Amino acid sequence: MATNRTFTMIKPEAVAQGNTGKITDMIIEAGFKIKAMKLKQLTKEAAGEFYAVHKERPFYGELVEYMSGGPIVAMILEKENAVADFRKLIGATDPAEAEEGTIRKQFATSKAENAVHGSDSDENAAIECDFHFSADEIVG
Ligand code: UDP
Ligand code: MG
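This section reports on the structure supplied with the text. (Residues numbered from 1 in each chain as written. Chains lettered and ligands numbered in written order. Predicted model: local features only at pLDDT ≥ 70, side-chain atom pairs only at ≥ 80, totals over all residues. Heavy atoms only, no water.)

### As for the packing of aromatic side chains
Here's step 1: Here the structure, examined in full by the defined rule, presents four aromatic pairs.
Here's step 2: Here Phe7 and Phe50 contribute two aromatic rings whose centre-to-centre distance is 5.8 Å and whose plane-to-plane angle is 55°, an arrangement assigned as tilted. On the criterion of sequence distance, the pair formed by Phe7 in strand S1 (residues 5-10) and Phe50 in helix H3 (residues 44-50) is long-range, its members being 43 residues apart. Of the two residues examined, Phe7 and Phe50, each falls in the buried class. (Phe/Tyr/Trp six-rings, centres within 6.5 Å; stacked < 30°, edge-to-face > 60°. Helix = DSSP H or I, 4+ residues; strand = E, 2+ residues; numbered from the N terminus. Buried < 20%, exposed > 50% of the residue type's maximum accessible area, 1.4 Å probe, protein only.)

Structure (structure tokens):
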């Protein structure tokens, strides 16, 4: 997996609120190329596995319920310095702390329901891309 890739999900409440297009526009405007994209609803099992790193955290149960509660839009994004630049574009986990102009500042409703996911390292980006997409779903 190239290190110029990151993985994102538009989370269930943002999809349900009709913000998929606006968020996708912000991502493209920021210079990211979409290499793969799908609408899908995660099972509780899949959401639990995706967020397994947070298993011991008090919010894990609610996070799994939330992330499996409606469709998400998963994407693989490409750009130089993708992981760090995308984290900058989405802003802090808690929208109250997110900078103006970030996706979470504009679309997140709470620290839990914060509109988008972004990988936190090249290593996790590769794992997360593989978790959601097979090779034939990614454009060259
Ligand atoms: N989360 C939450 N409460 C918290 C911290 C995180 O509900 O106190 C949720 C939130 O949806 C967040 C996800 O768990 O996006 C993963 O947490 P992480 O710390 O990895 O934040 P992120 O990398 O998404 O900014
Ligand atoms: Mg994280």
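Following the structure, the description resumes.
### Here's the deal with the side chain of Lys38
Here's step 1: With respect to the helices and strands, the residue Lys38 is situated in strand S2 (residues 33-40).
Here's step 2: Of the polar contacts made by the side chain of Lys38, one reaches the backbone oxygen of His132; its length is 2.6 Å.
Here's step 3: At 3.2 Å, the side chain of Lys38 and the side chain of Glu137 are in polar contact.
Here's step 4: Sequence-distant contacts of Lys38, that is, excluding residues within four places in its chain, are made with Ile72, Val73, Ala74, His132, Phe133 and Glu137. (Polar contact = N/O pair within 3.5 Å; in protein donor to acceptor, adjacent residues only side chain to side chain. Contact = heavy atoms within 4.5 Å.)

### Some remarks on the pattern of salt bridges
Any two side chains of opposite charge can pair, on the condition that their charged atoms come close.
Here's step 1: Counted by the stated rule, this structure contains six salt bridges.
Here's step 2: A salt bridge links Glu78 to Lys35, with the shortest nitrogen-to-oxygen separation between them at 3.8 Å. Taken together, the residues span a long stretch of sequence, with Glu78 in strand S3 (residues 72-78) and Lys35 in strand S2 at a distance of 43 residues. Lys35 carries the same exposure label as Glu78, and that label is buried. (Salt bridge = Lys/Arg side-chain N within 4 Å of Asp/Glu carboxyl O.)

### Here's the deal with the pairing of S3
Here's step 1: Counting buried residues in S3 gives seven out of seven residues, a clear majority hidden from the surface.
Here's step 2: Burial of the side chains of S3 extends over both faces: Ile72, Ala74, Ile76 and Glu78 are buried on one face and Val73, Met75 and Leu77 on the other.
Here's step 3: Both S2 and S3 contribute to a ladder of seven bridges, which runs antiparallel. When the bridges of S3 are listed, Lys40 appears paired with Ile72. (Pairing = 2+ DSSP bridges.)

### Considerations on the site of ligand 1
Here's step 1: Looking at ligand 1, the residues that line it are Lys11, Tyr51, His54, Phe59, Leu63, Arg87, Thr93, Arg104, Lys111, Ala112 and Asn114.
Here's step 2: At 3.0 Å from an oxygen atom of ligand 1 is found a side-chain nitrogen or oxygen belonging to His54.
Here's step 3: Arg104 is positioned with one of its side-chain polar atoms (N or O) 3.0 Å from an oxygen atom of ligand 1.
Here's step 4: For ligand 1, the protein covers 82% of the area, taking 500 Å² as the surface of the free molecule.
Here's step 5: The residue inventory of the shell around ligand 1, partitioned by class, reads four nonpolar, three polar and four charged. (Near = heavy atom within 4 Å. Areas by Shrake-Rupley, 256 points an atom, 1.4 Å probe, with all protein chains shown as cover. Nonpolar A, V, L, I, M, F, W, Y, C, P; charged D, E, K, R; others polar.)

### Thoughts on the environment of Asp120
Here's step 1: As for its position among the elements, Asp120 is in the loop between strand S4 (116-118) and helix H7 (122-132).
Here's step 2: A polar side-chain atom of Asp120 sits 3.5 Å from a polar atom in the side chain of Ser121.
Here's step 3: Side-chain polar atoms of Asp120 contact the side chain of Asn124, separated by 2.7 Å.

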